[in-house]
Amino acid sequence: MNKVKIIGTGSYVPSKIVNNNELSHMVNTSDEWITSRTGIKQRRISEGEDTSDMATKAAIDVIKSAKIEANDIDLIILATATPDSFIPSTSCIVQKNIKAVNATCFDISAACSGFIYGMDIAAQFIRTGRFNTVLVIGAETLSKIIDWQDRNTCILFGDGASAAILQSGNEEEILSIYTGSDGSKGKALICPAIPVNNFCANPGISLNKSTVSMDGKEIFKFAVKVLVKLVNVLLTESHCDLKEIKYIIPHQANSRIIECAAKKLGIDSNKFYTNLDLYGNTSAASVGIALDEVYKKNLVKSGDKILVVGFGGGLTYGGLIIKVI
Ligand code: COA
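Parameters and conventions
Residues numbered from 1 in each chain as written. Predicted model: local features only at pLDDT ≥ 70, side-chain atom pairs only at ≥ 80, totals over all residues. Heavy atoms only, no water. Helix = DSSP H or I, 4+ residues; strand = E, 2+ residues; numbered from the N terminus. Rg over C-alpha atoms; globule rule 2.2 N^0.38 Å. Contact = heavy atoms within 4.5 Å. Areas by Shrake-Rupley, 256 points an atom, 1.4 Å probe, with all protein chains shown as cover. Lys, Arg positive; Asp, Glu negative; His and termini not counted. Charge placed at Lys NZ, Arg CZ, Asp CG, Glu CD. Axes fitted to C-alpha atoms, helices over the stretch in contact; angles between N-to-C directions. Parallel < 35°, antiparallel > 145°, perpendicular 65-115°, else oblique. Left-handed = near helix turned anticlockwise from the far one by under 90°. Nonpolar A, V, L, I, M, F, W, Y, C, P; charged D, E, K, R; others polar. Salt bridge = Lys/Arg side-chain N within 4 Å of Asp/Glu carboxyl O. Near = heavy atom within 4 Å. Polar contact = N/O pair within 3.5 Å; in protein donor to acceptor, adjacent residues only side chain to side chain. Pairing = 2+ DSSP bridges. Domains from an automatic or database assignment. Buried area = accessible area lost by both parts, 1.4 Å probe.

### Focus: the overall build of the protein
- Along the protein, the regular secondary structure elements total nine helices and 13 strands.
- A globule of 325 residues ought to have a C-alpha radius of gyration of about 20 Å, and the protein, at 19 Å, matches this closely.
- Restricting to contacts in the protein with at least 6 residues of sequence separation, those with at least 24 account for 77%.
- Carbon and sulfur atoms make up 51% of the accessible area of the protein, which amounts to about 14200 Å² in all.
- Distance between charge centroids for the protein: 4 Å, based on 34 positive and 33 negative side chains.

This is the structure in structure tokens:
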């Protein structure tokens, strides 16, 4: 089996900042409510860039950081719940934009766990020797599927993209990966697509409005439960102790979810790296943006271990432990 290295990370967020006070002019909410219930202070919102545009910028950033050429990339896996179109896939649009002419491209749908699912798939392809250099992207334009009249959801989300390049190497950088799903709870977080409304189906089916709706309490309970489970499973599988982990990078959904999980794990919540105050929940982009920040700010050095965990719609969850080379 080949060993897997992360040779670079990248990210991109739109320049437009929307703070909580601005949202309080759109729905009945306040900076105080949003900050105390979620930890979010502001988010980035697209002024017209679509998912492929942001993904392309994150891809250009990671190619630079990995010091490779676009035509070295064998595979592009793009995780998103907000693709530009049904066809073509957003990964193929990125391929065209960055001229990664040698890449096979596909999108995956695992909501906020998408980046981790993508890393898992990339690692398996590299280990078996099927592909050597894999670009993983998590990118979302959530602002296009948010109901901006719904205060239960519109305060939570933001737009952005993140990326990583994985390659076969001499040393193993991914110590353990774990993923899971629970489709039976899928209704807790939904955004409908087009219903079957062809001439053979029941006439009169109206087109759904494709916006996000959520059972916040159900998601909150699920998130705390799987976060704790993921940390324990990943530590066991990699024979690591929690004390050896420099940072836990969680999906950036809500600071209260992180505080509850920290309490259950018996650790200080400072061990969790967060930037959700600045970006809100960027779904598939979230953990990758945080990981990129950790690397670019030189917060980790060779030998440090980082535990990354995600959860979200599906319901889905997953995580990995990285040993920085
Ligand atoms: N501003 C002001 N009041 C709001 C509000 C807002 N933005 N959103 C909801 N409220 C109100 C509710 O209507 C409710 O009012 P009521 O008591 O009169 O009915 C009250 O605040 C409490 O609502 P509740 O849903 O109990 O709040 P909460 O403490 O559970 O927090 C969430 C709501 C959404 C912040 C929280 O449940 C959460 O973060 N869940 C996880 C969501 C998530 O992370 N989703 C993405 C996962 S990938």
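Here the narrative resumes.
### Examining the packing of helix 3 (residues 51-66) against helix 4 (residues 90-98)
- Running from amino to carboxyl end, helix 3 crosses helix 4 at an angle of 55°, the nearest separation of the two axes being 9 Å. The orientation of helix 3 with respect to helix 4, classified from their angle, is oblique. With respect to the hand of their crossing, helix 3 and helix 4 are arranged in right-handed fashion. Only Thr 90, Ile 93, Val 94, Asn 97 and Ile 98 of helix 4 make contact with helix 3, whose side of the interface consists of Thr 51, Ser 52, Ala 55, Thr 56, Ala 59, Ile 60 and Ile 63.
- A per-class count over the contact of helix 3 with helix 4 returns seven nonpolar, five polar and no charged.

### Describing the pattern of salt bridges
- Per the stated rule, a full pass over the model turns up eleven salt bridges.
- For Lys 57, the salt bridge is made with Glu 49, and the minimal N-O distance between the two is 2.8 Å.
- If you follow the salt bridges from partner to partner, you end up with Asp 61, Asp 292 and Lys 296 in one network.

### Let's talk about the site of the ligand
- In the region of the ligand, 22 residues are neighbours, and Thr 29, Arg 37, Gly 216, Lys 217 and Asn 254 sit closest.
- Contact between the ligand and Asn 254: an oxygen atom at 2.7 Å from a side-chain N or O atom of the residue.
- Between an oxygen atom of the ligand and a side-chain N or O atom of Arg 256, the distance comes to 3.5 Å.
- A total of 960 Å² of accessible area belongs to the ligand in isolation, and the protein chains cover 75% of it.
- Of all the secondary structure elements, the ones that give two or more residues to the shell around the ligand are helix 2 (31-38), helix 6 (216-238), helix 7 (255-265) and strand 12 (305-312).
- Counting residues per element, the shell around the ligand draws most heavily on helix 6, at four residues.
- Broken down by class, the residue content of the shell around the ligand amounts to nine nonpolar, nine polar and four charged.

### Here's the deal with the sheet that holds strand 4 (residues 75-79)
- Strand order across the open sheet formed by five strands is 1-7-6-4-5, with mixed pairing between neighbours. Strands at the two margins of the open sheet, each flanked by one partner only, are strand 1 (3-12) and strand 5 (104-108). Direction aside, the axes of adjacent strands within the sheet are offset by 20° on average.
- Note: strand 4 against strand 5, five bridges, orientation parallel. Within strand 5, the position partnered with Ile 77 by the bridge is Phe 106.

### Description of the domain arrangement of the protein
- Assigned domains within the protein: domain 1 (3-171) and domain 2 (176-323).
- Of all residues in domain 1, the largest losses of buried area upon contact with domain 2 belong to Cys 112, Ile 116 and Tyr 117, amounting jointly to 19% of the total for that side.
- Remark: the boundary between domain 1 and domain 2 carries one salt bridge.
- With its nearest N and O atoms 2.8 Å apart, the salt bridge here joins Asp 61 to Lys 296.
- Taken together, domain 1 and domain 2 are joined by 22 residue pairs in polar contact (both at pLDDT 80 or more).
- Contributing elements (two or more residues each) for the side of domain 1 that touches domain 2: strand 1, helix 2, strand 3 (42-44), helix 5 (114-128), strand 6 (133-140) and strand 7 (160-169).
- Top contributing element to the side of domain 1 that touches domain 2 by residue count: helix 5, with seven residues.
- Here the side of domain 1 that touches domain 2 is built from residues that sort into 20 nonpolar, 15 polar and ten charged.

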